[in-house]
Every structure is written in C-alpha cells, then in structure tokens.
Amino acid sequence: MCGITGYVETQGFDSGKAEATICQMAAKLAHRGPDDSGHWIDVDHGVVLGHRRLAVVELSEAGRQPMASASGRYVMVFNGEIYDHDALRAAVRPAPAWRGRSDTESLLAGFEAFGIAATFARSTGMFAAAVWDREARRLTLARDRLGEKPLYYGWQGSTFLFGSELKALAAHPDFQGRVDDPALAAYLKYGYVPAPLSIYDGIRKLLPGTTLTLAPAQRQVDLVPDAYWSLAAVAERGAERPFLGSDDEAVSELERLMETAIRGQLMSDVPLGAFLSGGIDSSAVVALMQRVGGSPVRTFTIGFSEAAFDESRAARDVAHHLGTHHSELLVTPAEALEVIPRLPTIYDEPFGDASAIPTWLLAGLARREVTVALSGDGGDELFAGYGRYRRTSRLWSRVASLPPLGRRAGSLLLSAVPDALIQRGMMRYSVGDFPHLFSDRVRGFRTAFAADQVDALYDVRVSNWPDPASVLKTTAVSGTAYAASTPFPRAQPTERMMGFDTLSYLPDDVLVKVDRAAMAHSLETRVPLLDHRIVEFAWSLPHRFKVRDGEAKWLLKRVLHRHVPPYLVDRPKQGFGVPIHQWLRGPLRTWAEDLLATDALERRGPFRAAPIRELWQQHLAGRADWQHRLWPVLMYQEWDRARRG
C-alpha cells in the first residue's frame, strides 16, 4: 500500500521548481507510505510523478517507485496489490530479466506485452496507478474494479493534478480549492460525496473499473474514463447465464472462491491480521483465513460501554471458537470524542459517516501488531444483508399494486403530515434508541406513493436530507439524486438497490472510511469479498440464494456455518457505530452548538440556519432524533473550519 501523486503542466513548466513541488505533494501522503519516497520528472513534457511507499511485498530496493519498465517506455507510480501477479509474469513472453518480486514490476512487463488497460483487466487486485508512456506521450490513470483504492484528478488552470488523497493535490501551487456546489448538495443528501464528484470544483474521483488517458500535447480538458470492467455488464451476464446448481453446489462454489481470494490476499512479507466484529462477513473471512493459512490469525475488535454498540463479546466468542490470537479494546466515550477533530484531515472532504470514529480506533489497535489487515466489507452489498433492502422491497410491493388514483391520493395525504409530527408520534411507541427508523419508515411510505419505480423510493431511504436545496443558500443545486444510477434492467428491486450501493455507497462511503482510517495509521487493508470473481458469482445467483424465508445473506451464512456454530453468529445486525444521538445531547453539545450557531451556519457557512436550528432544538429537547441530518452538517462545518485554519 502506498500513496501516489503527480501533475502535468502544459504551459510554463518550471523544471527548477518541479522537484520541490512534487516532494511537497508526496510529503502530504507520508502516512500512506512511511518507508520510502521517490519522484520522477520528464522535463521535456512537463510530467512529474511522486510516490510514498509502505513496504509490504518485496521490501528491498527492487520495489522502489517510481519504477520504469525494462525497456524504459513506461514509468509508473502504483498504490495497491496485485494478488495474482505471478500468473501475469508467467504469461509475459519473452520473459524479462526480473529485478525483484514486486507486483509493480510485473505490471510494467504486462504493459509492454499486452498494453495498459488489457493488463489491468487480466489482473486481480486493488489498486490506483498512474502510468506515463514515454513513447506515445500519454498519461494513464487506472483504478481497481470495485474502488478499494482512491484516485483524484482534475485540471486546475493549465495544470493537471492527480493523487491518492486531496491533500496531495492541495499542496500544488495551482490548486484552487473552490467548493463545488453540486458536490456539497450531494454530500448533504447522502453523507458522502459520490463519484465522480469531489468536494472541490474541477477535481473528480476516477470511477472504479476505469482508466483515463491524457495526452498533454493535445491539452484535453473534457476527459472521459474508459471502462475495462462494468458491474452493469456483470449483472447482465448473470441474468443471461444464471447459476443453475443445487444449494450444496452453491455453498461449495462460494467457499472455493472465498478460499482462492483469501489465499491470494495472504501475500505479504510483513505481519498480517484481520478485523473481526463477530458478524457474518468478518467471521467468514477470518474462518477461511485460519483454514487457508494454517496458523492462528491475529484478530482485532473494539467495543463500547453502550450495549447497543458493543460487538466485542460476539467477536470474542468467534475468536475463541476459531482459536485466533485476539486483541480487543474497550473504548470510552472520551477516547472516541478525541477522534472527531482529526476527521477533516484524515478524509480531506466532509464525511458524514460517524462510524469513521470506531474504524479509526480499530485500525490503530491493529497497527500495533500488523501492517496488513483483511476486512469483511462487501458482504451486505453482494448478498442482500442490509435490512433496508427488505423493508424497501416490502413497501414497494404493497404500493406498486395500488391503482394510480389511489397512489396519488395517498401521496397527497401523507405529504401533509410534517416530519416532526411523525417523529414525535413514532417515538411514543418506539423501543430502544433508534426512533428515527420508525419515522423513516413512514416518510418512506409517503415517498413510495409518488414513486414510479423502486429506485426513487430507495434514493429517499438512503438520504439524510432528501431535499438538500431546502437548507443551502446556493441556487445551483436541486433535490434530485446525485449518486450512481442503477443500470440493471433485468434486476428485481432488491438487486437494483444492491447495485446502487455497490456503485456508490460501497466505494464512496464504506471503502473511503476504511482506507483513510487505516492509512492514517499506515495500515494496509484488503477486502476478500470484493474479489471480482466473487462479485461476478454473486450476481449470477438467483435471489433465493441471497434471501430465503426472510433470512438475508443465506448463502454466505451457509459457508460460515461449515466453520462456526450458527448460535455464535446468527444474531441481529448491529452495524459499526457510536451513540452520536446521545453524545450530541451530552459531551458533544457545546462543540455542536458552536458549529450550529446561526452566525456559523449563514455568515461563515453555506447553510440556511432556520431549518437546521429547528432540528437542533428538537433533538436537544428529546422530541426527535435528527442525528442523521445534523451529523453531516456538523462534519461539513468542522471540515470547513479546518481548511480555513
């Protein structure tokens, strides 16, 4: 795992300043690569590449970057791991005189033999890369299929910038740093900035599964990524050629694919472990790691004193059964609160997922013992694990059966009921600390009456602010959906929602959260369930293998039950969060009040204060739980305060 950055200057390239500039940009990524640094400059064409190295495989000088191919044609900076790069080496003919064992060298040989896009398409791994073709005079950026590794890019004046994190781009003197209004609205809506947007005007995220090519001499401004892998195409193939085997055959095939993926991801010359929550996904990954690796796995979990958020006991029970070397950390509220001021510099964009806090703490715990950690992310998106899929599907099936006139009448009737009234009514009958789930259900029912298809209903279901324009001063935004569309014409409602999440929520929230939190501790993370062969198999499965008799993740659970007794893991999904709704009324109240003051919201911020202040007062009084709307606003305000100094 590493950090990459660089730039191309099409006018007035200053070779005297280039080295200092790229060193400053790369230094911002030192946490991603504390072991080494390097840079490469093509003075004739204004191309500059920078790299920070976290040595995981091939620890010698033979793994240093930037790295040139054997002929000198290609020069690359690379972030990630290619798990099957030995197979790529075997396919290269004639074989070069290999200098070392790094996957970077394997890729460069592949470029010479097969071309850049074709080499990435035949590789299995996670990565972000920048490749300068000295012969064709083209710069190619590439990102892995599911978006595990980040890559930002864009024009700032006559300079093209790119890098693993926005802080590296911001270190270039041409970086402008203007907030992009549509991106701000999208962030407020979802709690994250969906690709290809970034929070900054003119800077974009490279979409997963694509490459982007720049010919500096042509001064290309409108760059269009080319897909070498497409989830939509995978879904279409799955619909055309579905899995036809029995239940036992499906379980065995998924187990085989997971073992293959995990065996490849155990590739490491440094200590390796795994995150373990005690849930289905991480338990399955750890169980197969233990089986494939043949020795006890180092596992890590954190817990909280609040029982509703504490998964440490479940993780401890699974670890004991599997015989792992288990470490856990019970976190006090004070320790968790100390993380919040760090978040703006960790994420570079406003990031409204409060589970970033425990994720950062978990990564810090793991880094005490290992340099690489495997996680169980992706299981919910592939095997229908989120409860919102079932709730939304049930709601949609009921409403879709009504005649058009009845749906219009229902929409008008429910639209007349204020959200706050729904909140108060639902809280009276709610159980536990999550009354917003009940009120969201009613608001979702209201939306369903007006929706033409399940996509619109689900978009509201996953929105913090369904209409961000209502709380923003700018007129340059609307309340429409900004996240990825669902181009799955043959998919049923649940699969359409899973596709939406795999294209947007997974790469732009879940994987961002894990990557930035882990890399802030110089910890590499790997996600076996996102091996593209598992993803393609999952999309070939009929729905009954994902949900059966109301049981989500049916097939993945059957794999796990071969290794762990069902009673240890068959329990309600808790998620991975912190009690933000309580903290906002307690230890975070003063901090939040400062950021949500009328002056802070309107004079120093982009918001209309009145609607936000109203929700804040309702939340403080305990009349409603608005944490999912207030937290993204607070995180934007904290981010904006940090960047302004």
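See the structure above.
Here the residue numbers are simple positions, counted from 1 along each chain's written sequence. Thresholds applied to this predicted model are a pLDDT of at least 70 for local features of residues and 80 or more for the giving and counting of side-chain atom pairs; totals over whole chains, interfaces and linings are not thresholded and use all residues. Excluded from the side-chain calculation are hydrogens and water; included are all heavy atoms of the structure.

**Topic: helix H27 (residues 609-620)**
Moving on, step 1. A run of H or I in DSSP counts as a helix once it spans at least four residues, and a run of E counts as a strand once it spans at least two, with each numbered from the N terminus. Expected helix span is given by 1.5 Å per residue-to-residue step, counting one fewer step than there are residues. With 12 residues, H27 should cover 16 Å at 1.5 Å per step; its first-to-last C-alpha distance of 16 Å lies within 8% of that length.
Moving on, step 2. For every residue, the accessible area obtained with a 1.4 Å probe (protein chains only) is divided by the maximum for its type, and the residue is called buried under 20%, exposed over 50%, and partly exposed between those limits. Listed in full, the buried residues belonging to H27 are Ala 609, Ile 612, Arg 613, Leu 615, Trp 616, Gln 618, His 619 and Leu 620.
Moving on, step 3. Where H27 terminates, the next one or two residues include Gly 622, which has phi positive at roughly 75°.

**Focus on the sheet that holds strand S2 (residues 36-42)**
Moving on, step 1. Across the sheet, 6 strands lie side by side as S2-S3-S1-S9-S8-S10; this open sheet has antiparallel pairing. Of all the strands in the sheet, the pair left with one neighbour each is S2 and strand S10 (203-205). Going from strand to strand, the sheet's axes swing by 10° on average, the running direction of each strand aside.
Moving on, step 2. Each pair of strands is called paired provided DSSP finds at least two bridges between the two strands. Of the strand pairs in this sheet, strand S1 (residues 2-9) and strand S3 (residues 47-53) are connected by 7 bridges, and their pairing is antiparallel. By the bridge assignment for S3, Ile 4 is matched with His 51.
Moving on, step 3. The criterion used for residue contact is that any of the two residues' heavy atoms lie within 4.5 Å. What counts as an axis is a line fitted to C-alpha atoms, over the stretch in contact for a helix, and the angles between N-to-C directions run from 0 to 180 degrees. Sheet strands touched by helix H1 (residues 15-27): S1, S2, S3 and strand S9 (159-163). Its angle to S1, the strand with the most contacts, is close to 145°.

**Thoughts on the environment of Trp 539**
Moving on, step 1. Inspection of the secondary structure assignment puts Trp 539 in the loop between helix H21 (532-538) and strand S18 (547-548).
Moving on, step 2. The contact partners of Trp 539, leaving out residues within four places of it in the chain, are Leu 231, Val 234, Ala 235, Gly 238, Leu 382, Glu 495, Met 498, Gly 499 and Lys 546.

**Examining the packing of helix H15 (residues 387-400) against helix H20 (residues 493-519)**
A pair of packed helices is characterised by two quantities: the angle between their axes and the separation of those axes.
Moving on, step 1. The N-to-C vectors of H15 and H20 enclose an angle of 135°; their axes lie 9 Å apart at closest approach. With respect to their mutual orientation, H15 and H20 come out oblique. Regarding H15 and H20, the two cross each other, and that crossing is right-handed. Of H20, the residues touching H15 (which contributes Arg 388, Tyr 389, Thr 392, Ser 393 and Trp 396) are Pro 493, Thr 494, Met 497, Met 498, Asp 501 and Tyr 505.
Moving on, step 2. For the contact of H15 with H20, a count of residues per class yields 6 nonpolar, 3 polar and 2 charged. Under this scheme an angle from 65 to 115 degrees is roughly perpendicular, one under 35 degrees roughly parallel, and one over 145 degrees roughly antiparallel; angles in between are oblique. By definition, turning the near helix anticlockwise from the far helix through less than a right angle yields a left-handed crossing, and turning it clockwise yields a right-handed one. By the convention adopted, Pro, Cys, Tyr, Trp, Phe, Met, Ile, Leu, Val and Ala count as nonpolar, Lys, Arg, Asp and Glu as charged, and the other residues, Gly among them, as polar.

**Some words on the packing of helix H8 (residues 247-265) against helix H9 (residues 280-293)**
Moving on, step 1. Interhelical geometry of H8 versus H9 gives an angle of 70° and a closest axis separation of 9 Å. Between H8 and H9, the angle is such that the two are roughly perpendicular. Residues Glu 255, Met 258, Glu 259, Ile 262 and Arg 263 of H8 pack against Ala 284, Val 285, Leu 288, Met 289, Arg 291 and Val 292 of H9.
Moving on, step 2. When grouped by side-chain class, the residues that make up the contact of H8 with H9 number 7 nonpolar, no polar and 4 charged.

**Observations regarding the sheet that holds strand S15 (residues 325-331)**
Moving on, step 1. Here we have 5 strands laid out as an open sheet, ordered S15-S14-S13-S16-S17, and parallel in their pairing. Strands with a single pairing partner mark the edges of an open sheet, and in this sheet they are S15 and strand S17 (524-526). Taking each pair of neighbouring strands and ignoring which way they run, the sheet shows an average axis angle of 30°.
Moving on, step 2. Sheet analysis places strand S14 (residues 298-304) next to S15, joined by 7 bridges and oriented parallel. Bridge pairing links Ile 302 to Leu 329 in S15.
Moving on, step 3. Contacts between helix H10 (residues 312-322) and the sheet are confined to S14 and S15, with S15 contributing the most and set at about 170° to the helix.

**Topic: H1**
Moving on, step 1. Taking 1.5 Å as the rise per residue, H1 with 13 residues should run 18 Å; its terminal C-alpha atoms sit 19 Å apart, in good agreement.
Moving on, step 2. Where H1 is concerned, the buried positions are Ala 18, Thr 21, Ile 22, Met 25 and Ala 26. End-on view of H1: buried residues confined to an arc of 125°, all on one side of the axis. Counted as exposed and oriented over 90 degrees from the buried face of H1: Gly 16 and Lys 17. This arc corresponds to the set of directions leading from the helix axis out to the C-beta atoms.

**Notes on the pattern of salt bridges**
Moving on, step 1. Every case where a carboxyl oxygen of Asp or Glu lies within 4 Å of a side-chain nitrogen of Lys or Arg is listed as a salt bridge. Here the structure, examined in full by the defined rule, presents 45 salt bridges.
Moving on, step 2. The shortest N-O distance in the salt bridge between Lys 553 and Asp 380 comes to 3.0 Å. Note that Lys 553 is positioned in the loop between strand S19 (551-552) and helix H22 (554-561) and Asp 380 in helix H14 (residues 379-383), a separation of 173 residues in sequence. Taken individually, Lys 553 and Asp 380 each receive the classification buried, so the pair is uniform in this respect.
Moving on, step 3. Across the pair Lys 557 and Glu 551 runs a salt bridge whose closest N-O atoms are separated by 3.7 Å.
Moving on, step 4. On the accessibility criterion, Lys 557 (15% relative accessible area) is buried.
Moving on, step 5. If you follow the salt bridges from partner to partner, you end up with Arg 32, Lys 149, Glu 165, Lys 167, Asp 348, Asp 515 and Arg 516 in one network.

**A word on empty space enclosed by the protein**
Moving on, step 1. Cavities and pockets are found on a 1 Å grid laid over the protein atoms alone: a cavity is a set of points where a 1.4 Å probe fits but cannot escape, a pocket is an open set with protein on both sides within 12 Å along at least five of seven lines, and a lining residue has an atom within 4 Å of such a point. Grid points are joined across faces, edges and corners, and a volume is the space filled by probe spheres set on the points. Evaluation of the coordinates by the stated rule reveals 7 cavities of 30 Å³ or more.
Moving on, step 2. Size it by volume and the largest cavity reaches roughly 130 Å³.
Moving on, step 3. Forming the walls of the largest cavity are 15 residues, and the residues nearest its centre are Cys 2, Val 57, Gln 65, Asp 103 and Thr 104.
Moving on, step 4. Those elements that provide at least two residues to the lining of the largest cavity are strand S5 (74-82) and helix H3 (103-114).
Moving on, step 5. Looking at side-chain class alone, the lining of the largest cavity contains 7 nonpolar, 5 polar and 3 charged residues.

**Here's the deal with unusual backbone geometry**
Moving on, step 1. Here the amide bond leading from Gln 65 into Pro 66 is cis, since omega sits at 0°, within 30 degrees of zero.
Moving on, step 2. Inspection of the secondary structure assignment puts Pro 66 in the loop between S3 and strand S4 (67-68).
Moving on, step 3. With omega at -5°, the peptide bond leading from Arg 93 into Pro 94 counts as cis.
Moving on, step 4. Tracing the backbone shows Pro 94 in the loop between helix H2 (85-91) and H3.
Moving on, step 5. The residue Asp 348 is not glycine, and still its phi comes out positive at about 65°.
Moving on, step 6. Its location among the elements puts Asp 348 in the loop between helix H12 (343-347) and helix H13 (356-367).
Moving on, step 7. Of note, the phi angle at Ala 384 is positive, near 60°, even though the residue is not glycine.

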